[in-house]
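One-letter residues, chain by chain:
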Amino acid sequence: QVQLVESGGALVQPGGSLRLSCVASGFDFSAYAMGWYRQAPGKVREWVARIHNTGGTVVYHDSVKGRFTISRDNAKNTVSLQMNSLQPEDTAVYYCNVFKERDYWGRGTQVTVSS
């Protein structure tokens, strides 16, 4: 079955950086686009970034453009999110996503940006 396992979340100061990773299994990873979403306390889950199956096309939410970079390694079934210039408003649980007949989600990894 499809499994997504996120890691890399932490407490970081404003202006800092983090790199999130998601290891996927149970499907042909190289055939599917992958996404990162986040959910802040009291807010709906929102899309952050998406990368097509070959990695040739990436798109970002306006709020993270120029600060976040999504990438993937199809040999390792891994999708990553490099987050720079983090701000308190980036605080959220970050989720990895794949749509394969339906949405699949990992359990998420907590990112807290605070001084």
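Residues numbered from 1 in each chain as written. Predicted model: local features only at pLDDT ≥ 70, side-chain atom pairs only at ≥ 80, totals over all residues. Heavy atoms only, no water.

## A closer look at the overall build of the protein chain
Along its length, the protein chain carries 0 helices and 11 strands. The order of α-helices and β-strands along the protein chain, N terminus first, is β-β-β-β-β-β-β-β-β-β-β. The C-alpha atoms of the protein chain give a radius of gyration of 13 Å, which matches the 13 Å a tight globule of 115 residues would have. A principal-axis box enclosing the C-alpha atoms of the protein chain has dimensions of 40 × 25 × 20 Å. (Helix = DSSP H or I, 4+ residues; strand = E, 2+ residues; numbered from the N terminus. Rg over C-alpha atoms; globule rule 2.2 N^0.38 Å.)

## Focus: the nonpolar core
Counting 29 residues, the largest nonpolar core has L4, M34, W36, V79, L81, M83 and Y94 as its most contacted members. Mapped onto this core, the elements with two or more residues apiece are strand 3 (18-25), strand 4 (34-39), strand 5 (46-51), strand 7 (68-73), strand 8 (78-83), strand 9 (92-99) and strand 11 (109-113). Those residues in contact with Y94 that sit more than four places away from it in its chain are E6, L20, W36, Y37, R38, V48, F68, L81, M83, G108, T109 and V111. (Core = buried A, V, L, I, M, F, W, Y, C linked by side-chain atoms within 4.5 Å. Buried < 20%, exposed > 50% of the residue type's maximum accessible area, 1.4 Å probe, protein only. Contact = heavy atoms within 4.5 Å.)

## Let's talk about the pairing of strand 5
Pairing between strand 4 and strand 5: 5 bridges, direction antiparallel. Bridge pairing in strand 5 places G35 opposite R50. Alignment of strand 5 against strand 6 (residues 58-60), held across 3 bridges, turns out to be antiparallel. Opposite A49, over in strand 6, you have Y60 as the bridge partner. Counting the residues in the hairpin turn of strand 5 and strand 6 gives 6 residues, including G55, whose phi is positive at 85 degrees. (Pairing = 2+ DSSP bridges.)

## Observations regarding the sheet that holds strand 8
The strands that make up a sheet are held in pairs by hydrogen bonds between backbone atoms, and each pair lies either parallel or antiparallel. Read from one edge of the open sheet, 4 strands run 1-3-8-7, paired in antiparallel fashion. On the outer flanks of this sheet lie strand 1 (3-7) and strand 7, each paired with one strand and no other. Direction aside, neighbouring strands of the sheet carry axes that sit 15 degrees apart on average. Both strand 1 and strand 3 contribute to a ladder of 5 bridges, which runs antiparallel. The residue bridging Q3 from the neighbouring strand is S25, located in strand 3. (Axes fitted to C-alpha atoms, helices over the stretch in contact; angles between N-to-C directions.)

## What to know about the packing of aromatic side chains
Counted by the stated rule, this structure contains 4 aromatic pairs. A ring pair is formed by F27 and F29, whose centres lie 6.2 Å apart and whose planes are at 50 degrees; its orientation type is tilted. Look at F27 and you get buried, because its relative accessible area is 11%. Arranged with centres 4.9 Å apart and planes meeting at 80 degrees, the rings of Y37 and W105 form a pair that is edge-to-face. Of this pair, Y37 sits in strand 4 while W105 is found in strand 10 (residues 103-105), placing the two residues 68 residues apart along the sequence. (Phe/Tyr/Trp six-rings, centres within 6.5 Å; stacked < 30°, edge-to-face > 60°.)

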